[in-house]
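Single-letter residue listing:
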Amino acid sequence: MTPDVRAFLRPEWERLYLLGTSAIAARQGQAPSPETLQQLRSVQAEVEDLRARPPWRPLVADCDLSPLDQDIAACALAPEAEPRMGWLFYDLQTGASSPYPTPALIYELFAMESHEASSLESRLHCRAPLRHHRLIEWPGVDLYRPLRSTTALRARLLDGVTHHVDIIGATEIVDLGT
């Protein structure tokens, strides 16, 4: 991942960081400060602008991703793109052995209501776009198992590759240079 891509996607990670720190505060019975709410509104506008441009726009069009799909993809990708997000997710998931977010954490981060849980679960179904296009990995067992980005998602968003094919059963070989 080039530094330019890291800077370009910064609003995604900043938004998730603010949502995560707000979740920590909520668990302690504290409401987000007015400053935090203003920061969230501002960074949300940046995220919406970011997602209307490459590399997001072609990915959304090619895979028919909903806004919730895009949020899920950003969450799954965050620990690899921005290490502090992995530590934040790890802290938010006490007892978890992974820095990757679970659907339960995503549910909390986006302050979903109980009636919205089925919407989140439907976006994680094996025939839903994120899994159908092999953009995320999730065992589909329960809401407390972590989601991970795939090589395809990392290539499309972090490396700017427009088309990537994962071969089922193949092992990725990384060229470390010699």
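Quick caveat, the model's predicted, so the values are computed rather than measured. (Residues numbered from 1 in each chain as written. Predicted model: local features only at pLDDT ≥ 70, side-chain atom pairs only at ≥ 80, totals over all residues. Heavy atoms only, no water.)

Under the defined criterion, the tally for this structure stands at one aromatic pair. Between Trp87 and Tyr90, the ring centres sit 6.3 Å apart and the planes meet at 85°, which makes this aromatic pair edge-to-face. Placement of the pair is Trp87 and Tyr90 together in helix α6 (residues 83–92), with a separation of three residues, close to one helical turn. Lying over the aromatic face of Trp56, Arg51 brings its terminal NZ or CZ to 5.0 Å of the ring centre. Lying across the ring of Tyr17, Arg84 places its NZ or CZ 4.3 Å from the centre. (Phe/Tyr/Trp six-rings, centres within 6.5 Å; stacked < 30°, edge-to-face > 60°. Helix = DSSP H or I, 4+ residues; strand = E, 2+ residues; numbered from the N terminus. Lys NZ or Arg CZ within 6 Å of the ring centre and 35° of its normal.)

Opposite charge on two side chains permits them to pair, given that their charged atoms come into close proximity. One pass over the structure, following the stated rule, counts 11 salt bridges. Arg27 is the salt-bridge partner of Glu108, the closest N and O atoms lying 2.6 Å from each other. In this pair, Glu108 sits in helix α7 (residues 103–109) while Arg27 sits in helix α2 (residues 10–27), placing the two residues 81 residues apart along the sequence. Given a relative accessible area of 27%, Glu108 falls into the partly exposed group. Here Arg27 falls in the partly exposed class, since its relative accessible area comes to 45%. Asp62 is the partner of Arg156 in a salt bridge, and the nearest nitrogen-oxygen pair spans 2.7 Å. Placement of Arg156 in helix α10 (residues 151–158) and of Asp62 in helix α4 (residues 56–63) is noted, with a sequence separation of 94 residues between them. Among the residues examined, Asp62 registers a relative accessible area of 40% and is labelled partly exposed. (Salt bridge = Lys/Arg side-chain N within 4 Å of Asp/Glu carboxyl O. Buried < 20%, exposed > 50% of the residue type's maximum accessible area, 1.4 Å probe, protein only.)

Treat this as a map of the structure, not an account of what it does.
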